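Below are the chains, spelled out letter by letter.
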Amino acid sequence: MSIELTTLLFFGSLIFFLVLGLPLAFVLGGVSVIFLYFTWGIDSFYLVASQIWGTMESFTLVAIPLFVFMAMVLERTGVANALYRMMYLWSGGVRGGLAIGTVFICAIFAAMCGISGAAVVAMGTIALPSMLERGYDKHLALGAINIGGGLGILIPPSVIMILYSLITGVSVGKMFAAGVLPGLLLVVLVAIYIIVRCYFQPELAPALPPEERAEWPEKLRALRSVLLPILIVVMVLGSIMAGIATPTEAAAVGVLGALISSVVHRQFTWQLLYDAALRTFSLTGMIMWILFAAHAFSAAYQSMDAQTLIEGLMANIPGGPWGTIIVMQVILFLLAMVLDPIGIMLITLPVFMPIVTSLGFDPIWFGILFVINMEIGYMTPPFGFNLFYLKGVVPPSITMPDIYRSVVPYVLVGIVGLAIVMIFPVIATYLPDRLF
Amino acid sequence: MPVLYAFINGVTRLNAWIGRIASLLIFAMFGILLLGVFYRYALDAPTVWTTELTQFLFGLYAVLSGGYVMAHRGHVNVDIVYARFSPRARAVLDIITSVLFFLFTGAVLYFGGLIAWESIDSMETTYSSWNPPVYPFKAAIPVAAFLLLLQGLAKLFEDIAIALGRMTPEPDNAEHRP
Amino acid sequence: QDAKTTTWRVQSHWPTASSSYDDSLVRIKNIIEERTEGRLKLKLYPAGALFKAQQTFNAVKRGTIEMGTISPAYAQNQMSLAGIASGLPFAFRNVWEVAYFHKNLGFEDMLREEAAEHGVYYSTDKVYPTEMVVNKPINSYADFKGLKIRSSGALETFLTKAGASASYIPGGELYTALSSGVVDGAHWGAAQGAASMSLYEVAKYHVKPALNIAGTDAFIINQEALDALSEADAKIVRDALDEQFWYRTNEYLYLERLALSKAMANDGVKITTLPPEVQKKLTAVARESWDEMGKRSDKAGEALDKLENMLQQLGYIEAS
Ligand code: NA
Ligand code: NA
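Residues numbered from 1 in each chain as written. Chains lettered and ligands numbered in written order. Predicted model: local features only at pLDDT ≥ 70, side-chain atom pairs only at ≥ 80, totals over all residues. Heavy atoms only, no water.

**Considerations on the overall build of chain C**
As a reminder, the rule being used: Under the scheme used here, helices are H or I runs from DSSP no shorter than 4 residues and strands are E runs no shorter than 2 residues, and both carry numbers assigned from the N terminus. Values of the radius of gyration come from C-alpha atoms, whereas the globule rule sets the reference at 2.2 Å times the count of residues to the power 0.38. Relative accessible area decides the class of each residue, using a 1.4 Å probe on protein chains only: under 20% of the type maximum gives buried, over 50% gives exposed, and in between gives partly exposed. We call two residues in contact whenever any of their non-hydrogen atoms come within 4.5 Å of each other. Positive charge is attributed to Lys and Arg, negative charge to Asp and Glu, and no charge count is given to His or to the chain ends. We put the charge of a Lys on NZ, of an Arg on CZ, of an Asp on CG and of a Glu on CD.
Secondary structure assignment for chain C yields 13 helices and 11 strands. Its C-alpha atoms give chain C a radius of gyration of 20 Å, near enough to 20 Å, the size a compact globule of 320 residues would have. Taking the principal axes of its C-alpha atoms as reference, chain C extends roughly 70 × 45 × 30 Å. The 320 residues of chain C split such that 61% are buried. Put simply, of all contacts in chain C between residues at least 6 apart along the chain, 73% involve residues at least 24 apart. Considering chain C, the positive charge centre built from 35 side chains and the negative charge centre built from 40 side chains are found 4 Å apart.

**Focus: the overall build of chain B**
Summing up its helical and strand segments, chain B has five helices and zero strands in all. Reading chain B from its N terminus to its C terminus gives the helix and strand order α-α-α-α-α. At 20 Å, chain B has a C-alpha radius of gyration far larger than the 16 Å of a compact globule built from 178 residues. Within the span of chain B, comprising 178 residues, buried residues form 53% of the whole. Pairs at least 24 apart in sequence give 73% of the contacts found in chain B among residues at least 6 apart.

**Here's the deal with the state of the cysteines**
Test applied: Working definition: a disulfide is two cysteine sulfur atoms within 2.5 Å of each other.
Taken as a whole, this structure holds zero disulfides over all chains when the rule is applied. Free of any disulfide, Cys-198 of chain A has its nearest cysteine sulfur in Cys-106 of chain A, 16 Å distant.

**Digging into the packing of helix H1 (residues 3-19) of chain A against helix H15 (residues 306-315) of chain A**
Residues and elements named next belong to chain A. Selection criterion: Each axis is a line fitted through C-alpha atoms, and for a helix only the stretch in contact is used; angles between axes span 0 to 180 degrees, taken between their N-to-C directions. These descriptions rest on fixed angle ranges, namely under 35 degrees for roughly parallel, over 145 for roughly antiparallel, 65 to 115 for roughly perpendicular, and the rest for oblique. The hand of a helix crossing depends on one turn: near helix anticlockwise from the far one by less than a right angle means left-handed, and clockwise means right-handed.
Where H1 contacts H15, the axes come no closer than 9 Å and their chain directions differ by 115°. Viewed along their axes, H1 and H15 adopt a mutual orientation that is roughly perpendicular. Of the two possible hands of crossing, H1 and H15 adopt the one that is left-handed. Every residue of H15 that contacts H1 at Ile-3, Glu-4 and Thr-7 is listed here: Ala-306, Thr-308 and Leu-309.

**So, the coordination of the sodium ion (ligand 2)**
All names here are of chain A. Note the threshold: Note that water is not among the atoms considered, so a metal site may appear incomplete; the donors listed are N, O and S atoms within 2.8 Å of the metal, with 3.2 Å applied to Na, K and Ca.
Each protein donor to the sodium ion (ligand 2) is listed here as Ala-336 (O), Gly-377 (O), Thr-380 (O), Thr-380 (OG1) and Phe-383 (O); together their distances run 2.3 to 2.7 Å. Of note, the sodium ion (ligand 2) draws all its donor residues from one chain, in the sequence arrangement A-x40-G-x2-T-x2-F. With Ala-336 in helix H16 (residues 320-338) and Gly-377 in helix H18 (residues 363-377), this residue pair connects regions lying 41 residues apart in the sequence. No difference in accessibility class separates Ala-336 from Gly-377, as the two residues are buried.

**Thoughts on the UniProt feature "transmembrane region" (unreviewed entry) in chain B**
Residue and element names in this part refer to chain B. Defined as follows: UniProt positions are given in the numbering used here, feature names are shortened, and annotations may be inferred rather than shown by experiment.
What UniProt calls "transmembrane region" (unreviewed entry) maps, in this numbering, to residues 21-41, 53-71, 92-117 and 137-157. Between the end C-alpha atoms of residues 53-71 there is a gap of 28 Å, over a span that is 100% helix and 0% strand. In residues 137-157, the share of helix is 100% and the share of strand is 0%. The end C-alpha atoms are 31 Å apart.

**Comments concerning the interface of chain A and chain C**
The criterion, for reference: Take the accessible area each of two parts loses on contact, using a 1.4 Å probe, and add the two losses: that sum is the buried area. Think of a salt bridge as a Lys or Arg side-chain nitrogen and an Asp or Glu carboxyl oxygen that are within 4 Å of each other. Throughout this description, a polar contact denotes any pair of N or O atoms lying within 3.5 Å of each other; where both atoms belong to protein, one of them has to be capable of donating a hydrogen while the other can accept it, and for residues adjacent in sequence the pair is counted only when both atoms sit in side chains.
Contact with chain A, which involves 41 residues of that partner, is made by 33 residues of chain C. Together chain A and chain C conceal approximately 3,000 Å² of surface at their shared face, both sides included; 57% is due to carbon and sulfur atoms. Our count for the contact surface shared by chain A and chain C stands at two salt bridges. Residue Asp-43 of chain A is joined to Arg-62 of chain C by a salt bridge in which the shortest nitrogen-to-oxygen separation is 2.5 Å. Here chain A and chain C share 13 residue pairs in polar contact (both at pLDDT 80 or more) between them. A total of seven residues in the side of chain A that touches chain C trace back to one element, the largest contributor, which is helix H3 (residues 45-56) of chain A.

**A look at the side chain of His-187 of chain C**
Looking at the element boundaries, His-187 of chain C is found in strand S8 (residues 185-187). Apart from the residues lying within four places of it in its own chain, the contact partners of His-187 of chain C are Thr-130, Glu-131, Met-132, Arg-150, Ser-151, Ser-152, Leu-155, Leu-159 and Leu-211 of chain C.

**A closer look at the packing of aromatic side chains**
Heads up, the rule is: When the centres of two rings from Phe, Tyr and Trp lie within 6.5 Å, Trp using its six-membered ring, the rings pair. Their planes under 30 degrees apart give stacked, over 60 give edge-to-face, and anything left gives tilted. Criterion for a charge above a ring: Lys NZ or Arg CZ within 6 Å of the ring centre, and within 35 degrees of the ring normal.
Under the defined criterion, the tally for this structure stands at 44 aromatic pairs over all chains. Judged by centre distance (6.4 Å) and plane angle (75°), the rings of Trp-14 of chain C and Phe-219 of chain C are edge-to-face. Remark: Phe-219 of chain C occurs in strand S10 (residues 212-222) and Trp-14 of chain C occurs in the loop between strand S1 (6-11) and helix H1 (19-35); sequence separation between them is 205 residues. Taken together, the aromatic side chains of Phe-10, Phe-11, Phe-35, Phe-297 and Tyr-301 of chain A make up a single cluster linked through ring pairs. Arg-93 of chain C extends its terminal NZ or CZ atom over the ring of Tyr-316 of chain C, reaching a point 4.1 Å from the ring centre.

**A few points about the sheet that holds strand S6 (residues 148-150) of chain C**
All names here are of chain C. In plain terms, the rule: Here a strand pair is declared whenever DSSP counts at least two bridges between the two strands.
Pairing in this open sheet of six strands is mixed, and the strands run S7-S6-S8-S5-S9-S11 from one edge to the other. With one partner strand each, in any of the chains shown, strand S7 (165-167) and strand S11 (270-273) form the two edges of the open sheet. The average angle at which neighbouring strand axes cross in this sheet is 30°, direction not considered. Pairing of strand S5 (residues 132-134) with S8 involves three bridges; the strand directions are antiparallel. The partner of Met-132 across the bridge, within S8, is His-187.

**Some thoughts on the interface of chain B and chain A**
Using the following cut-off: All amino acids are sorted into three groups, where Ala, Val, Leu, Ile, Met, Phe, Trp, Tyr, Cys and Pro are nonpolar, Asp, Glu, Lys and Arg are charged, and the leftover types, Gly among them, are polar.
Contact residues are listed per partner, giving 61 residues for chain B and 70 residues for chain A. Roughly 6,000 Å² is buried in total at the junction of chain B and chain A, and carbon and sulfur atoms are behind 79% of that figure. Taken as a group, Val-76, Leu-100 and Phe-104 of chain B account for 13% of the area that chain B buries against chain A, more than any other trio of residues on that side. The interface formed by chain B and chain A contains two salt bridges. Where Asp-79 of chain B meets Lys-391 of chain A, a salt bridge forms, and the shortest distance between an N and an O atom there is 3.4 Å. Taken together, chain B and chain A are joined by 12 residue pairs in polar contact (both at pLDDT 80 or more). When residues of the side of chain B that touches chain A are traced back to their parent elements, those giving at least two are helix H1 (2-22), helix H2 (25-42), helix H3 (50-71), helix H4 (87-121) and helix H5 (135-163) of chain B. The biggest single contributor to the side of chain B that touches chain A is H3 of chain B, with 16 residues. A breakdown of the residues in the side of chain B that touches chain A according to their chemical character gives 41 nonpolar, 13 polar and seven charged.

**Thoughts on a negative patch on the surface**
All names here are of chain C. Let me state the cut-off plainly: Residues with no salt bridge and a relative accessible area higher than 30% make up the patches, which join like charges within 9 Å and nonpolar side chains (Val, Leu, Ile, Met, Phe, Trp, Tyr) within 5 Å. All accessible-area figures derive from a Shrake-Rupley calculation using a 1.4 Å probe, and residue coverage is judged against the displayed protein chains alone.
Together, Asp-109, Glu-113, Asp-298, Glu-302 and Asp-305 give the surface a local cluster of negative charge. Broken down by secondary-structure element, the contributors of at least two residues to the negative patch are helix H5 (107-116) and helix H13 (298-313). By secondary structure assignment, the location of Glu-302 is in helix H13. According to the relative accessible area criterion, Glu-302 is partly exposed, its value standing at 43%.

**Structural notes on a nonpolar patch on the surface**
A grouping of Ile-15 and Val-19 of chain A together with Ile-80, Val-81 and Phe-85 of chain B is seen on the molecular surface, where their side chains present a nonpolar patch of about 340 Å² in accessible area. Secondary-structure assignment places Val-81 of chain B in the loop between H3 and H4. Residue Val-81 of chain B is classed as partly exposed on the basis of its relative accessible area, which comes to 32%.

**Some points on the nonpolar core**
Nonpolar side chains in soluble globular proteins tend to be buried together. We count it as follows: For this analysis, a nonpolar core means a set of buried residues of the types Ala, Val, Leu, Ile, Met, Phe, Trp, Tyr and Cys, connected via side-chain atoms within 4.5 Å.
Within the largest apolar cluster, 319 residues are counted, with the highest numbers of intra-cluster contacts made by Ile-290, Phe-366 and Phe-388 of chain A together with Phe-144 of chain C. Apart from the residues within four sequence positions on either side, Phe-366 of chain A is in contact with Tyr-164, Ile-325, Met-328, Gln-329, Leu-349, Phe-352, Met-353 and Val-356 of chain A. Formed by 22 residues, the second largest nonpolar core is a distinct cluster that contains Ile-28, Leu-40, Ile-221 and Leu-226 of chain C.

This is the structure we're talking about:
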């Protein structure tokens, strides 16, 4: 069987069984096992179990339960709610202020954490209820969290960038520096989108009713609610920058900050801690079993000679160097709909990189395009990690179609950002050229 | 069918119990990581064991969650078409798609068991400076797969009972979340 | 009628950007495919694609895949000699000495015998040094003792015993940790390895002499898969691997120096040589750790005797 046909069947079955309602983790795992059986034989199931062990051993994933736990504590102690009340008071007549504030918080989260999952689950817990409570449109709110959560891989530190550097040989420091401005660009683009959209459709994000608008003294008093979150951010970022802790260890520092906050907020109880721990276990478990199966899924696809497909696709491309870059982005975009970023990297980069460099393009710039594309991929249906992580935390009234629908405008915003960085490479290359 | 109900309840309780205990590992990971930072930064005497132990506890924590998450309907799915069916039709659908579930967990149980056995057989250690044994953590893979498989069986029996009209489905699955 | 073609799946422990992926793995693939006139094909998988490095030995042993590349450190659990193969600290001083130990003194044959017990054919790809990079010069033992070094495995134990503060940090966090000062130094291979992880951007001193020099990269082949080839083709594979050892060991030395010169020119890296007092101290501590390795099995003891004999003859150590 040709790799084209295998690919079609492989991803076709993924979509088919997803639609039938089987949980994602078991669809990925089950489809892998079936295809491995027919392309390699029963003995290859060893690979599935082996990938689970490999995932259990990834130290950087330890940040997931820690950041999720931090968010759970902040939510249960009312620290998060106080923060959103403050943002609401201060945004006053500005429509969409909370959604924009959420994306800003996501950007800060991204600077603290090198992966995507923790931020999405954390913000889904903290930000979503606050926005829904105040009458925000669910699609507007969900999408903002979806795109904001993905910033974790674009704003340094970033595990995906480190892997990109390992596979392509470019400098990690330059990649980190290159991600900063495109990350901020995306934040600005999302903010512009929210402002414009809410200007034309005010009902999507109600501003604070005039009778509730506070006077200065109350506004200032509400500012106190930022103190604790700022304390946490300073503790986490401070410990990374001062060389006290590695990014993963800094997640534990974040938990410490959350616990201190709960004591300061006079909400600390053992019951609260236990509840938060149980919920964290449940959410981390959901994430991890998806990762277990997703890693088996991409290993299975690679064993089927996936690279030949990419080589074939790249063989005859019209449109010169820029046509090639655009076709690569389209391939990445399509793959990101059905595969995880690490798998995509292993399959495509060995084929892409020699072409990119021989055409004279900057591999750092290409890396940033790659990472932005993966960030978009985190929220493109049918298989986007962020979509499923979010589904795990939202109230039952929000369904998968809601989440799928919510990402459409934000995916477009992401593509606009990708195009801007593609046309103006200086956005990515300015900082690394300056710093190194 | 009291035996069947007893099985379903027993399995669910077992996983809930294991989950309650395993969930406490978050405190261990938190504490050990901070301790590692403290030793390295404040005392200038880095430990050889904190990173490795945290990593292994995390692996245990992550893999053991499978059955617990399933018992609480926490493994997310796509409910676009699925939500439109009647509870009975959903049960039938779940019975059919459970083939994939059992293939996957069965493969993990058997081959995870093999990986664990290879490790136990050679009394595998990490050969790091701390050099702890690996086999207890590798053994967690088949154990976790077994717990998940049990929960899957419980769900299958429930679905069969619902499909046959012997059991009314719970009103809203989401209520089960902790 | 066409001759039967066999395809082997080969899981590498090198990522595609590692020079060894092309220079070692792709090279051996091309040679084998050419010399067997296409009867044996190798399908290469970069690091982590099918199996993680630590699981590759078992996957080859079981025959799930036919061939792989590993660091012997990942096989210590199965092979008692793997500890010595992946390097004793401060033992050898030159790469040629290790090559002589492997090929002329029979250490390679001992490794093959032990791997054969697991149904695996073992062949060292090359021998090369492991060297440290640090962010401040080391001028005294006090300087050395004050260092926080990212290390792993046997070297972590050794560095700790020698007085430095060694700890393990996963590769994914190494760059960040070194740039922020969580650690002051690290070893990741030698010059090429450090360059591949961008470590020279944040650590400007390359430390000589080497922490160890050893056969840190190796090929492993499932014995049944090898036996399933015609005797002529199996010989082609074995001979190609033997030739590769000499070719790559020498080439790698050249590439190491090239990478170091480049780092010195482009990143302002300086070479810092450990002061004699530090070297003396490290050598003394090192010998204790050799004894530990020798205790792993009778074979390991035999290999260690052979090694110590050689070092004595070379005048590097006193008789113990
Ligand atoms: Na980040
Ligand atoms: Na996607």
